[in-house]
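Breakdown of the fold
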Amino acid sequence: MSKNKDTIYALSTPFGKSAIAVIRVSGKETIKIFKTITKVKKIIPNKTNLLFLKNNKTLIDQALVVYFKSPNSFTGEDVLEISCHGGYAVIDKIYKTLEDLNARLAEPGEFTRRALLNNKIDLVKTESISDVINAETEKQRELAIKNLSGGLSEFTLKINQKITSVLANIEALIDFSDEDLPKNILKRIKEQNKNIINEISKEIKNAEISKPIKDGVMVAIIGKPNTGKSSFINYISKKNVSIVTNIPGTTTDAVTSAVDIKGVKFTFTDTAGLRKHKNKIEEIGIKKTKEIIKKSDINLVFLDRSEKNKYEDVPNKIFIESKSDIRKRKKTTKKNIYISSVTGSGIPELLKKIYKKTVINNAEPPILSRERHVNIMKKILKTLKSLDFDNSLDIIAYEYRLALDLSLEINQKFDIEKILDIIFRDFCIGK
Ligand SMILES: Nc1nc2c(ncn2[C@@H]2O[C@H](COP(=O)(O)OP(=O)(O)OP(=O)(O)O)[C@@H](O)[C@H]2O)c(=O)[nH]1
Ligand SMILES: [Mg+2]
């Protein structure tokens with residue numbers, strides 16, 4: 001992988017006019033670059049230097065430059081952090097200068113990838129950096145920062161040590177005669193096994209409860225044409241995301257809008273009205289609606305005034321009658337919730353109900369924050385649960401070694417390229 005030997009650079013701050021922009025450089029050409037663009041002869045690591053940057057004789061900008069010497073840097077390589085003025089032309093000129101000096105623009109996540117390859121951070125922390133950057137709501141941020149501070153790494157290490165300790169006991173049973181061993185060792189092994197099962201189960205449950213917080217909640221808005229679906233999505237989005245007219249069949253495509261309710265991301269999808277389609281566009285729209293209904297966590301069914309349809313095929317539904325401002329009956333019942341997208345009446349109560357139905361607030365953010373972690377832990381759990389202590393000890397030891405190997409997959413033994421590609425897909429350049 002010669003790519004990893006290149007010296008890379010990227011803007012670590014967003015591209016746009018700003019007081020300061022930070023450009024990061026990492027790789028073996030870093031010192032040469034530093035010397036060439038600043039004309040400084042003696043470079044002291046970790047020292048902030050207010051300097052004029054130059055491209056040959058052309059003055060580029062005045063900047064604050066810090067050099068971090070390998071391995072004491074974020075990537076583990078020689079790193080330069082240039083805090084320059086955040087103007088387009090300045091950034092462009094620095095980029096060109098760095099290109100002239102044999103550096104290339106980094107790929108998304110490439111700095112973090114190098115940190116990982118150089119053992120500066122572990123895989124779980126890499127995942128957390130990505131989660132912290134991509135957190136859109138307060139609860140997602142809380143979750144991500146917990147793992148960045150080491151929550152999962154600690155848990156994995158603990159499980160790892162416990163499995164190792166059981167394995168040691170099993171090996172002792174195999175190797176030594178009964179007299180040399182403490183009494184009841186098999187009983188102890190069984191207890192230890194149960195204890196690990198309980199700890200893992202607790203965390204898997206915790207992760208499942210927290211899924212809506214991590215991934216958000218999908219809410220579909222469905223029902224007959226003209227029942228007020230699009231007006232509702234516009235009301236809760238506080239802007240016109242979907243077209244509203246009094247012509248039945250106005251919405252033909254799915255329109256989504258994300259709404260933050262108490263720190264959780266709810267993605268609402270307005271859909272084409274459910275009816276016998278009149279043309280190809282409506283046919284496709286209605287087919288799409290049916291797929292969305294299946295995938296959603298909650299389906300808000302907007303009812304027509306005189307509707308008898310029970311929507312039996314629709315899972316997780318809440319019945320809504322909109323336009324309460326012009327209806328005779330407008331009091332919410334057990335069956336139906338009355339709302340108005342004109343006055344907003346009933347909408348806070350509806351959002352509360354959706355939240356209550358989907359989000360269980362557990363006091364502790366989950367440790368297993370990704371599908372990958374949960375899947376590995378589920379495999380360990382399956383192995384430990386299926387152990388038959390009437391079997392020969394050799395078989396039990398073998399199964400335990402498998403579990404140990406699996407526990408290492410979270411943070412130590414993994415197919416690095418495969419995993420990195422998945423993780424870095426949602427990274428940004430400069431990280
Ligand atoms: N008074 C009143 N009128 C509403 C309310 N909600 C929607 N309307 C009106 O009802 C008509 C249909 O509203 P839409 O929001 O487009 O209904 P829809 O369910 O999205 O309709 P389709 O896209 O055709 O399926 C429009 O004229 C809206 O102005 C409401 O809460 N109160
Ligand atoms: Mg509509």
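Each chain has its residues counted from 1, following the order in which its sequence is written. The lettering of chains begins at A and the numbering of ligands begins at 1, in the order of writing. Local features in this predicted model are restricted to residues whose pLDDT is 70 or higher, and side-chain atom pairs enter the listing and the counts only when it is 80 or higher, whereas totals over whole chains, interfaces and linings include all residues. Computation of side-chain values covers all heavy atoms of the structure but excludes hydrogens and water.

We now examine the pairing of strand E2 (residues 18-26). The two faces of the sheet receive side chains in turn, since in a regular strand these alternate between them. When DSSP finds at least two bridges between two strands, those strands are taken to pair. Numbering goes from the N terminus for both helices and strands, where a helix is a DSSP run of H or I of at least four residues and a strand is a run of E of at least two. Examined bridge by bridge, strand E1 (residues 7-11) and E2 share four bridges and lie antiparallel to one another. Bridging across to E2, Tyr 9 finds its partner in Val 25.

For the rest of this paragraph, the subject is the coordination of the magnesium ion (ligand 2). Metal sites are built from N, O and S donor atoms within 2.8 Å, or 3.2 Å for Na, K and Ca, and they leave out water, so they may look incomplete. Protein ligation of the magnesium ion (ligand 2) involves Ser 230 (OG) and Thr 251 (OG1), the donor distances falling in the range 2.0 Å. Taken together, the residues Ser 230 in helix H9 (residues 229-237) and Thr 251 in the loop between H9 and strand E8 (255-261) connect sequence positions 21 residues apart. Here's how the labels work: a residue is buried when its accessible area is under 20% of the maximum for its type, exposed when over 50%, partly exposed in between, all with a 1.4 Å probe on protein chains only. Given the relative accessible area of 13%, Thr 251 is considered buried.

Nearness is judged by heavy atoms alone; a residue qualifies as near a molecule or strand once a single heavy atom is within 4 Å of it. The environment of ligand 1 is formed by 23 residues, the closest being Lys 229, Ser 230, Ser 231, Gly 249 and Ser 341. Between an oxygen atom of ligand 1 and a main-chain N or O atom of Gly 249, the distance comes to 2.7 Å. One of the side-chain nitrogen or oxygen atoms of Asp 325 is found 2.9 Å away from a nitrogen atom of ligand 1. Under the convention used here, a 1.4 Å probe and the Shrake-Rupley method define accessible areas, while residue burial counts only the protein chains that appear. Computed on the free molecule, ligand 1 has an accessible area of 650 Å², of which 87% lies beneath the protein chains in the complex. Its residues placed into classes, the shell around ligand 1 shows six nonpolar, 14 polar and three charged. What qualifies as a polar contact is a pair of N or O atoms within 3.5 Å, subject to a donor-acceptor requirement within protein and to the restriction that residues adjacent in sequence count only when both atoms come from side chains. Nonpolar residues are Ala, Val, Leu, Ile, Met, Phe, Trp, Tyr, Cys and Pro. Charged residues are Asp, Glu, Lys and Arg, and all others, Gly as well, are polar.

This paragraph deals with the sheet that holds strand E4 (residues 58-68). With mixed pairing, the six strands of this open sheet are ordered in space as E3-E4-E5-E2-E1-E6. Each of the sheet's edge strands pairs with one partner strand only, and the pair in question is strand E3 (48-55) and strand E6 (103-105). On average, each strand axis in the sheet is tilted by 30° relative to the strand beside it, whichever way the strands run. Direction of pairing for E4 relative to strand E5 (residues 79-86): antiparallel, over a ladder of five bridges. A fitted line through C-alpha atoms serves as each axis, taken over the contacting stretch for helices, and the angle formed by two N-to-C directions is quoted from 0 to 180°.

A word on the packing of aromatic side chains. Two rings from Phe, Tyr or Trp (for Trp, the six-membered ring) form a pair when their centres sit within 6.5 Å of each other. Planes less than 30 degrees apart are called stacked, planes more than 60 degrees apart edge-to-face, and all others tilted. Inspection of the entire model under this criterion finds seven aromatic pairs. Considering the side-chain rings of Phe 15 and Tyr 88, the 5.2 Å spacing of their centres and the 65° angle between planes classify their relative orientation as edge-to-face. Of this pair, Phe 15 sits in the loop between E1 and E2 while Tyr 88 is found in helix H2 (residues 88-100), placing the two residues 73 residues apart along the sequence. On the basis of relative accessibility, which here comes to 45%, the residue Tyr 88 falls in the partly exposed class. Between the aromatic rings of Phe 34 and Tyr 67, the centroid separation amounts to 6.4 Å while the plane-to-plane angle is 45°, which identifies the pairing as tilted. Within this pair, whereas Phe 34 is found in helix H1 (residues 30-38), its partner Tyr 67 is found in strand E4, the two being separated by 33 residues in sequence.

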